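Reading the structure
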Amino acid sequence: MARIYYYVLSAGTNWEVRRESANLSYHQTKDRALDVGRTSAKSEHDQTGNPTGLRVQRANGTWEEERSYGADPYPPRG
């Protein structure tokens, strides 16, 4: 099954949490957005058993980190 991704994205002066392409919420701080994104991704994995992930963006638009929940093949393919 394909991994479902949640995103913490810079949105001007706020931070946005998305699930795939659907907006979930906006937050004034990155820390709060990270909490919501992490909780949402982990909760979906715990409830459905499907693999999920969280991708976090920096304020300048580059990618900071990625976290995965569920089946995470190691070593990575490729």
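All values derive from a computational prediction rather than experimental measurement.

If you look at the biggest cluster of nonpolar residues, it comprises 12 residues: Ile4, Tyr6, Val8, Trp15, Val17, Ala33, Leu34, Val36, Ala41, Leu54, Val56 and Tyr69. Taken together, the elements giving at least two residues each to this core come down to strand 1 (4-11), strand 2 (14-19), helix 1 (30-48) and strand 4 (52-57). Broken down by element, this core gets its largest block of residues, 4 residues, from helix 1. If we ignore the near neighbours within four places in the chain, the residues touching Leu34 are Val8, Leu54 and Val56.

It is worth spelling out the side chain of Thr52 at this point. Within the secondary structure layout, Thr52 lies in strand 4. Residue Thr52 is classed as buried on the basis of its relative accessible area of 0%. If we skip the residues at most four places from it in the chain, Thr52 touches Arg3, Ile4, Ala41, Lys42, Glu44, His45, Arg67, Ser68 and Tyr69.

Let us look at the pairing of strand 3 (residues 22-27). Pairing of strand 2 with strand 3, which is carried by 5 bridges, proceeds in the antiparallel orientation. Note on strand 3: the bridge partner recorded for Trp15 is His27.

This part covers the environment of Lys42. Topologically, Lys42 is positioned in helix 1. In this structure, the C-alpha to C-alpha distance between Lys42 and Gly53, residues 11 residues apart in sequence, is 8.1 Å. In this structure Lys42 touches Thr52 and Tyr69, once residues within four positions along its chain are discounted.

What counts as what
- Residues numbered from 1 in each chain as written.
- Predicted model: local features only at pLDDT ≥ 70, side-chain atom pairs only at ≥ 80, totals over all residues.
- Heavy atoms only, no water.
- Core = buried A, V, L, I, M, F, W, Y, C linked by side-chain atoms within 4.5 Å.
- Buried < 20%, exposed > 50% of the residue type's maximum accessible area, 1.4 Å probe, protein only.
- Helix = DSSP H or I, 4+ residues; strand = E, 2+ residues; numbered from the N terminus.
- Contact = heavy atoms within 4.5 Å.
- Pairing = 2+ DSSP bridges.

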